[in-house]
Every structure is written in structure tokens, then in C-alpha cells.
Amino acid sequence: MKTALITGASSGIGKELARIHASKGGDLVLVARRTESLDALKAELETKHGIKVITFTQDLSEVHAAKKVYDFVQKSGIEIEYLMNNAGFGGHGEFVDRPIEKDLEMIQLNVSALVELTHLFLQDMKQRKSGKILNTASSAGFLPGPLQTTYFATKAFVVSFTKGLAFELRKSGVTVTALCPGPVKTEFEHVAGLEGGNMFDKGASALQTAKSGYNGMMKGKVIQISDPALAFMIRFLLPFIPRTWLSAVVEKMQTVPKKS
Ligand SMILES: NC(=O)c1ccc[n+]([C@@H]2O[C@H](COP(=O)([O-])OP(=O)(O)OC[C@H]3O[C@@H](n4cnc5c(N)ncnc54)[C@H](OP(=O)(O)O)[C@@H]3O)[C@@H](O)[C@H]2O)c1
């Protein structure tokens, strides 16, 4: 089992992706901002599975942070067979009322860092005619997203980017997969300011979601919607639902009680 690089491995879906890859005997490069969480995961996985884990603390919302990650990996002499672009965050509120800096940071992380990391590591994968990329998108990528307009748009980008790239790569020996979960119980809800609503009450577990994404990546699927009911809805019902009705449902789902 070869080495995987996972961004956003300090919690939630990324942490579970790391545990799955380690359980199969694969080495890891883990990237996120919280050094302590990455180090704790490194200790856990090296002890449990006897694999090698390297951590790299990096804020991926910094411009060209992806290049720093790539250069670090090159200097370490590691070949990345699996690239899992998973780091991302959302943010609640009407677009016009949100601080624009926060939305630009979101675009930088959810879109630009993902694109740049893919471009850098893909060159090596294409040359080797081998490699797999997993982009954590979202079911949000198929929907209009009032009260999280920028976040939904970043995930629509990731879905579209993955579909186009997958076709370009169809004869290359490299595959790219977009993991599209519905609500998942992770730190995402808190970070996005969505606490107090009920969208995450019946959310999937991070482990269940990561398993689905990992399996989809291994099979080379282009789109992996981790919740089967949601997959049915997106594939067969969504084209027939009027946009304004859909927007109203999404807005209601994302409405959180005002903090007093
Ligand atoms: N939870 C959901 O309902 C849901 C649904 C669909 C899709 N997703 C997507 O799933 C992915 C993982 O989210 P999650 O649910 O597992 O949430 P999470 O628990 O909040 O994990 C997010 C991860 O991204 C990392 N991260 C955030 N900002 C970063 C930055 N500037 N630089 C580097 N790393 C950063 C975080 O680490 P640090 O804080 O240590 O940097 C953390 O490891 C995201 O792309 C999210 O959009 C989530």
C-alpha cells in the first residue's frame, strides 16, 4: 500500500480517511493547521499499524500554500500515490452580511488550494501513469445554497472540476473522484456557525462517510454520493424540482435560531 497525502486530517472526515488508509498498511502525509491533533493521530496510527506518518502544519488558505506542501514532500523524497483534498470549511449567513475576507479565505481553501495541489501532484502521477485523487466536495455542489451561498458554490466548483478532469484523465492511469456527502457530524457544523439548527441531527458519521469516499476513490468512480437516499434524490428527482422551491428548502434547512 502506497503513501497518501490527506489535507484536513486533524479532525472529521480527513482523520477517518487517514485511519482507513493506515489500517490497510499505507503510509501517510497529514496536513492541517493544528499540530497537536496531527501529532496525536500520527502516534495513534504508527503504534496501531506500524506505518510511517509525516505531519506538515500548514494553513492552506495562504496563497500558494500548496507549493509549500509539494516542496516539503519532494524534499522528503516521498512519492504520493493517493492525494486526498479534504480540507474545507463553510460559513453561515446572508452573503452580503458576511465579512468578505472570510468568504475569500473559503474560496482560497476549498477551491484554490485544491486546484493547486491537484496540478502539482498530478504531473508526477501522469508521468508514472498511476495515482488516485479524492476531492471532498459535497451534496451542496448540486444545489443552490442560500445562507451558505459561497460555500455551496465552492463545492459546485469541486464537482465540476472533478468531472472535467476525470474525463481528461480517462486514458492516463490516474483517476479523480468527488466525494459528495450530505450532513456529517464533525466540527464542520460549529466552524460554519450552523449550531442550533437541526440539519446535523441525523447526520452521517465521519467514519461511514470516509469509508464511502475511500471505496469510491479505489474504484475510480467520478462522483461518490455517500448517502444512498441523497444519491437517488440528486440523480433522479433533482432535475424536476423547481429552483425557487429548492432554494426555499435549503434556506429553511440552514436557518439557525438567532443567538440572544
Ligand atoms: N460535515 C459535513 O456536513 C460535510 C458535508 C459535506 C462536505 N463536507 C466537507 O468535508 C470536508 C471535511 O470537513 P469535516 O466535515 O471533516 O469538518 P472538520 O471536522 O471541521 O474538518 C475540517 C478539516 O479541514 C482542516 N482545515 C480547515 N481550515 C484549514 C486551513 N485553512 N488550512 C488547512 N487545513 C484546514 C481542519 O484542520 P485545522 O483546523 O487543524 O486546520 C480539519 O482537519 C470539508 O471539505 C467539508 O466542506 C463536510
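These remarks concern the structure in this document. This structure is a prediction, so every number in the text was calculated from the model and none was measured.

### Some points on the sheet that holds strand β5 (residues 131-136)
- Spatially, seven strands are ordered β3-β2-β1-β4-β5-β6-β7 in an open sheet, and the strand pairing comes out parallel. This sheet does not close on itself; its edge strands, each paired only once, are β3 (53-57) and β7 (223-225). Taken over all neighbouring pairs, the strand axes of this sheet differ in orientation by 15° on average, direction set aside.
- Pairing of strand β2 (residues 28-32) with β3 involves five bridges; the strand directions are parallel. Counted as the bridge partner of Ala32 is Thr57 from β3.
- Contacts from helix α4 (residues 100-128) reach β1 (3-7), β4 (80-85), β5 and β6 (174-180), with the element oriented near 160° to β4.

### Observations concerning a nonpolar patch on the surface
- On the surface, Phe95, Val96, Ile100, Leu104 and Ile107 cluster together into a nonpolar patch covering about 470 Å² of accessible area.
- Along the chain, the position of Ile107 falls in helix α4.

### A short note on the site of the ligand
- Contacts to the ligand come from 30 residues, most closely from Ser11, Arg33, Tyr151, Val184 and Thr186.
- Between the ligand and Val184, the relevant distance is 2.7 Å, taken from an oxygen atom to a main-chain nitrogen or oxygen of the residue.
- Contact distances for the ligand include 2.6 Å between an oxygen atom and a side-chain N or O atom of Thr186.
- About the coverage of the ligand: the protein hides 96% of its 880 Å² of free accessible area.
- Where the shell around the ligand is concerned, the elements lending two or more residues are α1 (12-23) and α5 (149-168).
- Considering only residue class, the shell around the ligand consists of 13 nonpolar, twelve polar and five charged.

Calculation criteria
- The residue numbers shown here count from 1 along each chain, following its written sequence.
- pLDDT decides what is reported in this predicted model: residues at 70 or higher carry local features, side-chain atom pairs at 80 or more are listed and counted, and totals for whole chains, interfaces and linings draw on all residues regardless.
- Side-chain calculation: all heavy atoms of the structure are included, whereas hydrogens and water are not.
- Should DSSP find at least two bridges between two strands, the strands are regarded as paired.
- Here a strand is any run of E in DSSP of at least two residues, a helix any run of H or I of at least four, and the numbering for each starts at the N terminus.
- An axis is simply a line fitted to the C-alpha atoms; with a helix, the fit covers only the stretch in contact. Between two such axes, the angle follows the N-to-C directions and lies from 0 to 180 degrees.
- By definition in these notes, contact holds between two residues if any of their heavy atoms fall within 4.5 Å.
- Candidate patch residues must exceed 30% relative accessible area and have no salt bridge, after which like charges are joined if within 9 Å and Val, Leu, Ile, Met, Phe, Trp or Tyr side chains if within 5 Å.
- Method for areas: the Shrake-Rupley scheme with a 1.4 Å probe, in which residue coverage is limited to the protein chains shown.
- Salt bridges are defined by distance alone: a side-chain nitrogen of Lys or Arg within 4 Å of a carboxyl oxygen of Asp or Glu.
- Throughout, near means a residue has at least one heavy atom within 4 Å of the molecule or strand.
- Here a polar contact is recorded for every N or O atom pair within 3.5 Å, except that within protein the pair must consist of a potential hydrogen donor and a potential acceptor, and residues adjacent in sequence are included only if both atoms are side-chain atoms.
- Residues are grouped as follows: Ala, Val, Leu, Ile, Met, Phe, Trp, Tyr, Cys and Pro are nonpolar; Asp, Glu, Lys and Arg are charged; all remaining types, including Gly, are polar.

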